[in-house]
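The residues making up each chain are set out below.
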Amino acid sequence: MTKRIIVLTGAGISAESGVSTFRDPDGVWAKYDYQQVATPEGFAANPTLVHEFYNARRGSLDAVEPNPAHIALAHLEKELSAHGGHLTLVTQNVDDLHERGGAKQVIHMHGELKKVRCDATSAPSCGAVFDWHDDLGGDAQCPACGATGSLRPHIVWFGEMPMHMDEIEVALSKADLFASIGTSGSVYPAAGYVHAARGLGIPCIELNLEPSENAAAFNDAHYGKAGDIVPLWVDELLSELD
Ligand code: OAD
């Protein structure tokens, strides 16, 4: 019986909610140069541009709602827990739609739009992380240490280490199923989890609109819109629980 499940989600799970994916033809990286808006070097060169990019994305979250795929995963989390199992929900997404869909524990490996961090390379900073719902500017003051201009989006940029890597590795080692949902499989280390899981003998399933870049590594797959296929998959899993 499958009771310890690790799910990795990507931008595709939020697409039907109206959040842009990254690599689809009308995706974020077709409109913006990631080197300018999603690297430490880009932030150092033009902090205003980077703040504007993340302010717009943070602000746009107010206009979107979780879809049936987010809600189904929250249901899976609750039911597995009630049956002595566990869902580890790891997301590359920086939106808050899993939480708003009801998920209690979400591991945001690429950070969160609604958080900021006191972390400056060329100014005093304390490392504190804060919930943040408004626009952020270069002149903001850290609520903890009072430093000015030290706050940045709590987002993992290209060239930076994703968050919670140890926790994810432990969850992977204990899982009896790995599922990847709505991700192109092109950004590591997340794209490598299927290989790590297969190496541990854990069955792997992909749920995506189309075969991802590493589709061949999965044992099984369901293709279609996340809002359609994820609830069906969750129902299937739950029907097997005692
Ligand atoms: P991508 O934009 O690379 O991939 C989105 C995937 O979702 C594609 O395989 C689409 O086919 C699929 N998709 C689109 N609509 C879907 C739907 N309705 N249902 C199911 N699948 C759908 O996004 P990610 O793989 O999440 O990192 O990108 C990974 C990382 O690259 C992001 O976290 C971000 C980005 O650069 C950083 O910014 C650090």
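On a predicted model such as this, the values are computed, not experimentally measured, just so you know.

Caption draft 1: Inspection of the sheet that holds strand 1 (residues 4-9) at higher detail. Here we have 6 strands laid out as an open sheet, ordered 3-2-1-7-8-9, and parallel in their pairing. The strands lining the two open edges of the sheet, one partner per strand, are strand 3 (106-108) and strand 9 (220-223). The average angle at which neighbouring strand axes cross in this sheet is 20 degrees, direction not considered. In terms of strand pairing, strand 7 (residues 177-181) meets strand 8 (residues 204-208) through 4 bridges, oriented parallel. The residue of strand 8 that forms the bridge with Phe178 is Cys204. Most of the contacts of helix 6 (residues 68-82) go to strand 2 (residues 86-91), to which it runs at about 150 degrees, and overall it touches strand 1, strand 2 and strand 7. Against the sheet, helix 8 (residues 165-174) touches strand 1, strand 2, strand 3 and strand 7, its axis set at about 135 degrees to strand 1.

Caption draft 2: Up close: the site of the ligand. Ala11, Phe22, Arg23, Thr183 and Ser184 are the nearest of the 24 residues found near the ligand. One of the backbone nitrogen or oxygen atoms of Gly12 is found 3.5 Å away from a nitrogen atom of the ligand. Thr183 places a polar side-chain atom, nitrogen or oxygen, 2.6 Å from an oxygen atom of the ligand. Isolated, the ligand exposes 790 Å² of accessible area, and the fraction of that covered by the protein chains is 95%. When atoms are counted within 2 Å of each cavity's grid points, the one that captures over half of the ligand is the largest pocket. Residue composition of the shell around the ligand, grouped by class: 9 nonpolar, 10 polar and 5 charged. Both domains that furnish three or more residues to the shell around the ligand are identified here as domain 1 (4-19 + 66-110 + 162-239) and domain 2 (23-63 + 114-155).

Caption draft 3: Up close: the pattern of salt bridges. If you walk through the whole model with that rule in mind, you get 7 salt bridges. With its nearest N and O atoms 3.1 Å apart, the salt bridge here joins Asp119 to Arg117. Overall, Arg117 belongs to the buried group, its relative accessible area being 13%. Salt bridges linked by common partners bring Asp62, Glu65, Asp96, Arg100 and Lys114 together as one network.

Caption draft 4: Molecular detail of the domain arrangement of the chain. By domain assignment, the chain separates into domain 1 (4-19 + 66-110 + 162-239) and domain 2 (23-63 + 114-155). For domain 1 versus domain 2, the distance between C-alpha centres works out to 26 Å. Interface area, domain 1 with domain 2, both sides summed: about 720 Å², of which 55% is carbon and sulfur. Summed over the three residues of domain 1 that lose the most area to domain 2, namely Val94, Asp96 and Met163, the buried surface amounts to 48% of that side.

Caption draft 5: Molecular detail of helix 10 (residues 226-239). In a regular helix each residue adds 1.5 Å, so 14 residues correspond to 20 Å; helix 10 covers 19 Å between its end C-alpha atoms and thus fits that length. Residues of helix 10 that are buried include every one of Ala226, Gly227, Ile229, Val230, Pro231, Trp233, Val234, Leu237 and Leu238, and no others. Turning to helix 10, the residues buried within the fold contact strand 1, helix 1 (12-15), helix 6, strand 7, strand 8 and strand 9.

Caption draft 6: Highlighting the nonpolar core. In terms of nonpolar packing, the biggest core is built from 26 residues, with Val7, Leu73, Leu76, Val230 and Trp233 touching the most fellow members. Counting residues per element, the ones that place at least two in this core are strand 1, helix 6, strand 2, strand 7, strand 8 and helix 10. The dominant element in this core, judged by the number of residues it contributes, is helix 10, at 7 residues. Ignoring any residue separated from it by four or fewer positions in sequence, one finds Leu76 in contact with Leu87, Trp233, Val234, Leu237 and Leu238. Counting 18 residues, the second-largest nonpolar core is a separate cluster that includes Ile6, Ile168, Ala171 and Phe218.

Caption draft 7: Quick peek at the packing of aromatic side chains. Per the stated rule, a full pass over the model turns up 10 aromatic pairs. Here the aromatic rings of Phe43 and Trp157 are separated by 5.1 Å at their centres, their planes lie at 45 degrees, and the arrangement is tilted. Taken together, the residues Phe43 in helix 4 (residues 40-45) and Trp157 in the loop between strand 6 (151-155) and helix 8 connect sequence positions 114 residues apart. Comparing Phe43 with Trp157 shows no difference in burial state: the two are buried. Following the ring pairs from residue to residue traces out a cluster consisting of Phe22, Trp29, Tyr32, Tyr34, Phe43, Phe53, Tyr54, Trp157 and Phe158.

Thresholds, definitions, all that
- Residues numbered from 1 in each chain as written.
- Predicted model: local features only at pLDDT ≥ 70, side-chain atom pairs only at ≥ 80, totals over all residues.
- Heavy atoms only, no water.
- Pairing = 2+ DSSP bridges.
- Helix = DSSP H or I, 4+ residues; strand = E, 2+ residues; numbered from the N terminus.
- Axes fitted to C-alpha atoms, helices over the stretch in contact; angles between N-to-C directions.
- Contact = heavy atoms within 4.5 Å.
- Near = heavy atom within 4 Å.
- Polar contact = N/O pair within 3.5 Å; in protein donor to acceptor, adjacent residues only side chain to side chain.
- Areas by Shrake-Rupley, 256 points an atom, 1.4 Å probe, with all protein chains shown as cover.
- 1 Å grid on protein atoms, 1.4 Å probe; cavity = no way out; pocket = protein on both sides within 12 Å on 5 of 7 lines; lining within 4 Å.
- Sits in = over half its atoms within 2 Å of the grid points.
- Nonpolar A, V, L, I, M, F, W, Y, C, P; charged D, E, K, R; others polar.
- Domains from an automatic or database assignment.
- Salt bridge = Lys/Arg side-chain N within 4 Å of Asp/Glu carboxyl O.
- Buried < 20%, exposed > 50% of the residue type's maximum accessible area, 1.4 Å probe, protein only.
- Buried area = accessible area lost by both parts, 1.4 Å probe.
- Expected span 1.5 Å × (residues − 1).
- Core = buried A, V, L, I, M, F, W, Y, C linked by side-chain atoms within 4.5 Å.
- Phe/Tyr/Trp six-rings, centres within 6.5 Å; stacked < 30°, edge-to-face > 60°.

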